[in-house]
Amino acid sequence: MRDSVDDHVDRWVRELPSLDPLREQVIARINKVARHVSVGRSTALAAGDLAVWQFKTLLMLRRVGKPYELSPSALADVLGLTRGALSARLAGLEERGLVVRELDGDDRRRVRVRLTAAGRKALDAQLGAEGNTEDRLLSALNERELRTLAALLRKLVIAIET
């Protein structure tokens, strides 16, 4: 069975005899899958009720685990924002009831940003929409193939990270 990458590589091998066709097939397919996943996420976000920045903020709170809260400075750091930029973002999320800023019970001088039940529900809906797109893509592979692909991709990520 052929795909569009086969045609792409066939054309380029004729023009660039030094091109490694296997390398080009792998890289072109990785790029095509990455674009597909990115478009799926963008489409899910556009159809949902959260802006990208809202989604990322809620996602970072969820990622830390129960009780899904961080200090504003820690949240700003993980999001790569200034404290002022984060404060402006939190105001909009608070108005929607997706997060709350509360005084820390142990030290009343400190504030904690916490994901609310409504924030979890909004985040879960968004993650579900993204998951559906990803599930459709990965359904082309069986369990053994998925495990093999995951292991091979891990090797590539390790090569990038070392």
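Conventions and cut-offs
- All residue numbers here refer to positions counted from 1 along the written sequence of the relevant chain.
- The predicted origin of the model limits local features to residues at a pLDDT of at least 70 and limits the giving and counting of side-chain atom pairs to 80 or more, whereas totals for whole chains, interfaces and linings rest on all residues.
- As a rule here, side-chain values come from all non-hydrogen atoms in the structure, and water together with hydrogens is ignored.
- Only DSSP runs of H or I covering at least 4 residues are called helices, and only runs of E covering at least 2 are called strands; the numbering of each starts at the N terminus.
- Radius of gyration here is computed from C-alpha atoms only, and the compact-globule reference equals 2.2 Å multiplied by the residue count raised to the power 0.38.
- When a residue's accessible area, from a 1.4 Å probe over protein chains only, is under 20% of the maximum for its type it is buried; when over 50% it is exposed; and in between it is partly exposed.
- Throughout, a residue-residue contact means that at least one pair of heavy atoms, one from each residue, lies within 4.5 Å.
- Where accessible areas are quoted, they stem from the Shrake-Rupley method and a 1.4 Å probe; at the residue level, only the protein chains shown are allowed to cover.
- Here, strands pair whenever DSSP counts at least two bridges between them.
- Salt bridges are identified by distance alone: a Lys or Arg side-chain nitrogen within 4 Å of an Asp or Glu carboxyl oxygen.
- Each axis is a line fitted through C-alpha atoms, and for a helix only the stretch in contact is used; angles between axes span 0 to 180 degrees, taken between their N-to-C directions.
- Residue count minus one, scaled by 1.5 Å, sets the expected span of a helix.
- Along the arc lie the directions from the helix axis toward the C-beta atoms.
- Side-chain atoms within 4.5 Å are what join buried Ala, Val, Leu, Ile, Met, Phe, Trp, Tyr and Cys residues into a set we call a nonpolar core.

### Overview of the overall build of the protein
When its secondary structure is counted, the protein shows 7 helices and 3 strands. In the protein, the order of α-helices and β-strands from amino to carboxyl end is α-α-α-β-α-α-β-β-α-α. Computed over C-alpha atoms, the radius of gyration of the protein comes to 21 Å, more than 25% over the 15 Å expected from 2.2 N^0.38 for 162 residues, which places it beyond the range of a compact globule. By principal-axis analysis of the C-alpha atoms, the protein measures approximately 70 × 30 × 30 Å. Looking at the protein residue by residue over its 162 residues, the buried ones come to 23%. Considering only contacts within the protein whose residues lie at least 6 apart along the sequence, 45% involve residues at least 24 apart. Summing over all exposed atoms, the protein offers an accessible surface of approximately 11100 Å²; the carbon and sulfur share of this is 56%.

### Concerning the pairing of strand S3 (residues 111-115)
In this sheet, S3 lies alongside strand S1 (residues 69-70) in antiparallel orientation, the contact comprising 2 bridges. Among the inter-strand pairings, Glu69 is bridged to a residue of S3, identified as Arg114. Pairing between strand S2 (residues 99-103) and S3: 5 bridges, direction antiparallel. Each bridged residue has a counterpart across the sheet, and for Leu103 the counterpart in S3 is Val111.

### Digging into the pattern of salt bridges
All chains considered together, the criterion is met by 13 salt bridges. Between Arg2 and Asp7 there is a salt bridge; the shortest N-O distance is 2.9 Å. Its relative accessible area of 35% is what places Asp7 among the partly exposed residues. Here Arg101 ties to Glu94 by a salt bridge, and the two come within 2.7 Å at their closest N and O atoms. Here the salt bridges do not stand alone but share partners, grouping Arg2, Asp7 and Asp10 into one network.

### Structural notes on the environment of Gly48
One can find Gly48 in the loop between helix H2 (21-47) and helix H3 (52-63). Using a relative accessible area of 37% as the deciding quantity, one classes Gly48 as partly exposed. Counting along the chain gives 81 residues from Gly48 to Ala129, while the straight-line C-alpha distance between them is 8.2 Å.

### Brief notes about the sheet that holds S3
Across the sheet, which stays open at both edges, the 3 strands sit in the order S1-S3-S2 with antiparallel pairing between neighbours. A single partner strand is all that each edge strand has here, and the edge strands are S1 and S2. Along the sheet, helix H5 (residues 83-95) makes contact with S2 and S3, crossing S2 at roughly 110°.

### Comments concerning H5
Given 3.6 residues per turn, any residue in an α-helix points the same way as the ones three and four places further on. Compared with the 18 Å implied by 1.5 Å per residue over 13 residues, the 18 Å span of H5 between its first and last C-alpha is a close match. Of the residues making up H5, those classed as buried are Leu86, Leu90 and Leu93. Around the axis of H5, the buried residues are gathered within 60° of arc, so they sit on the same side. Across H5 from its buried face, at more than 90 degrees, point the exposed residues Ala88 and Glu95. In the core, the buried residues of H5 are packed alongside H3, helix H4 (72-79), S2 and S3. A positive backbone phi angle near 75° is found at Gly97, which sits one or two residues after H5.

### Examining the side chain of Ser71
Here Ser71 lies in the loop between S1 and H4. Residue classification places Ser71 among the buried positions, given a relative accessible area of 18%.

### Concerning the nonpolar core
If you look at the biggest cluster of nonpolar residues, it comprises 19 residues, and the most contacted ones within it are Leu58, Leu61, Leu75, Leu90 and Val99. Considering each element in turn, this core owes the most residues, 4 residues, to H3. Ignoring sequence-local partners within four residues, the contact set of Leu90 consists of Thr57, Leu75, Val99, Arg101 and Val113.

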